[in-house]
Amino acid sequence: LERVLAWDLEFPTMYRLDVTVDGPVPEQRAVNFAFRTFEDSGDGFLLNGRPLFVRAVWDDFVFPGWGRTVPSAWALRHRLRTAKELGFNAVVCGGMVPDARVPLLADRLGLLLWYELPAPSVFTPRAAAHLDAMLAGALARDGNSPSPALVNLLPDAAPEPSAEALAWARAGAARMRGGAVVALE
């Protein structure tokens with residue numbers, strides 16, 4: 001690339017990498033990605049080094065008559081486009097990791113995503129392992145996507161967090177420091 005443009009909310013510039021591996025059975029893969037930074041400066045968030053006031057709307061992605069089953073890509077796009085048109089720059093994915101199409105659509109619309117992990121009613125080592133696996137899977141799946149920016153490790157809907165839950169969240173946030181996603185404890 002001769003000139004790289006950063007992805008941002010007004011101009012969500014995306015790039016595509018096509019890879020072909022020759023062999024007895026040739027394989028092809030296309031990966032969409034973007035360049036952007038997102039960080040917590042201590043005084044607020046910075047997107048590509050510029051201050052950002054996050055205006056987020058909470059969405060549990062429940063569709064009338066369908067539940068959490070997404071009826072169509074159009075329904076997702078309409079939902080995200082409406083949030084953008086209403087002046088929001090982020091969507092909180094309430095209590096879940098969203099459908100794989102959500103980050104792809106948010107990337108193109110210039111919307112940030114704020115993943116909120118489910119809140120276990122009782123925080124146990126098994127719950128911690130499940131949340132770790134869920135978060136690792138989401139970050140692996142959406143790692144090239146610029147839209148995921150925040151992860152709420154202990155959602156407000158959770159009961160008063162235990163010492164174990166707080167320790168888990170602090171350790172998780174420490175592991176994520178310096179990455180493309182900011183963890184909220």
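This write-up is about the structure you can find in this document.

Rules behind the numbers
Chains are numbered independently. Their residues run from 1 in the order of the written sequence. Only residues with pLDDT of at least 70 are given local features in this predicted model, and only at 80 or more are side-chain atom pairs given and counted; all residues enter the totals for whole chains, interfaces and linings. Computation of side-chain values covers all heavy atoms of the structure but excludes hydrogens and water. Between any two strands, at least two bridges found by DSSP are needed for them to pair. Helix and strand labels come from DSSP, where a helix needs a run of H or I of at least four residues and a strand needs a run of E of at least two; each type is numbered from the N terminus. With axes taken as lines fitted to C-alpha atoms, and helix axes fitted only over the stretch in contact, angles between N-to-C directions fall between 0 and 180 degrees. Definition used for salt bridges: Asp or Glu carboxyl oxygen within 4 Å of a side-chain nitrogen of Lys or Arg. Here the term buried applies to any residue with accessible area under 20% of the maximum for its type, exposed to any over 50%, and partly exposed to those in between, with areas from a 1.4 Å probe on protein chains only. Two residues qualify as a contact provided that any one of their heavy atoms is within 4.5 Å of a heavy atom in the partner residue. Angle categories: roughly parallel below 35 degrees, roughly antiparallel above 145, roughly perpendicular from 65 to 115, and oblique for all the rest. Crossing handedness is defined as follows: a turn of the near helix away from the far one that is anticlockwise and smaller than a right angle gives a left-handed crossing, while the clockwise case is right-handed. Think of it as three bins: nonpolar holds Ala, Val, Leu, Ile, Met, Phe, Trp, Tyr, Cys and Pro, charged holds Asp, Glu, Lys and Arg, and polar takes everything else, Gly as well.

Notes on the sheet that holds strand 5 (residues 50-52)
Moving on, step 1. With antiparallel pairing, three strands are arranged side by side in an open sheet as 3-4-5. Lying at the two open borders of the sheet, with one neighbouring strand each, are strand 3 (38-40) and strand 5. Across the sheet, the mean angle separating the axes of adjacent strands is 35° when strand polarity is ignored.
Moving on, step 2. Here strand 4 (residues 45-47) runs beside strand 5; their pairing, made up of three bridges, is antiparallel. The residue of strand 5 that forms the bridge with Leu47 is Arg50.

With respect to the sheet that holds strand 10 (residues 182-184)
Backbone hydrogen bonds hold the strands of a sheet together, and the pairing may be parallel or antiparallel.
Moving on, step 1. Spatial ordering of the open sheet is given by 6-7-8-9-10, a layout of five strands whose pairing is parallel. Of all the strands in the sheet, just strand 6 (56-59) and strand 10 have a single pairing partner and so form its edges. Geometrically, the sheet is characterised by an average inter-axis angle of 25° between neighbouring strands, direction not taken into account.
Moving on, step 2. Sheet topology places strand 8 (residues 112-116) next to strand 9 (residues 148-152); four bridges connect them, and they run parallel. Its bridge partner being in strand 9, Trp114 is matched across the sheet by Leu150.

Overview of the pattern of salt bridges
Moving on, step 1. As enumerated under the stated definition, the model contains six salt bridges in all.
Moving on, step 2. Its salt-bridge partner being Asp99, residue Arg101 comes within 2.9 Å of it at the nearest N-O pair.
Moving on, step 3. Judged by relative accessible area, Arg101 falls into the partly exposed class, the value being 32%.
Moving on, step 4. Asp99 sits in the partly exposed class, given a relative accessible area of 27%.
Moving on, step 5. Asp142 is the salt-bridge partner of Arg141, the closest N and O atoms lying 2.7 Å from each other.

Details of the environment of Met134
Moving on, step 1. Structurally, Met134 can be placed in helix 3 (residues 125-142).
Moving on, step 2. For the pair Met134 and Val62, spaced 72 residues apart in sequence, the C-alpha to C-alpha distance is 19 Å.
Moving on, step 3. Every residue in contact with Met134, bar those within four places of it in the chain, is listed here: Val97, Leu117 and Pro118.

Things to note about the packing of helix 1 (residues 73-85) against helix 2 (residues 101-109)
Moving on, step 1. Direction vectors running N to C along helix 1 and helix 2 enclose 45°, while the axes themselves pass 10 Å from each other. Comparing the axis directions of helix 1 and helix 2 gives the class oblique. For the crossing formed where helix 1 meets helix 2, the hand is right-handed. On the side of helix 1, the interface is formed by Ala73, Leu76, Arg77, Leu80, Arg81 and Lys84, while helix 2 contributes Arg101, Val102, Leu105, Ala106 and Leu109.
Moving on, step 2. A per-class count over the contact of helix 1 with helix 2 returns seven nonpolar, no polar and four charged.

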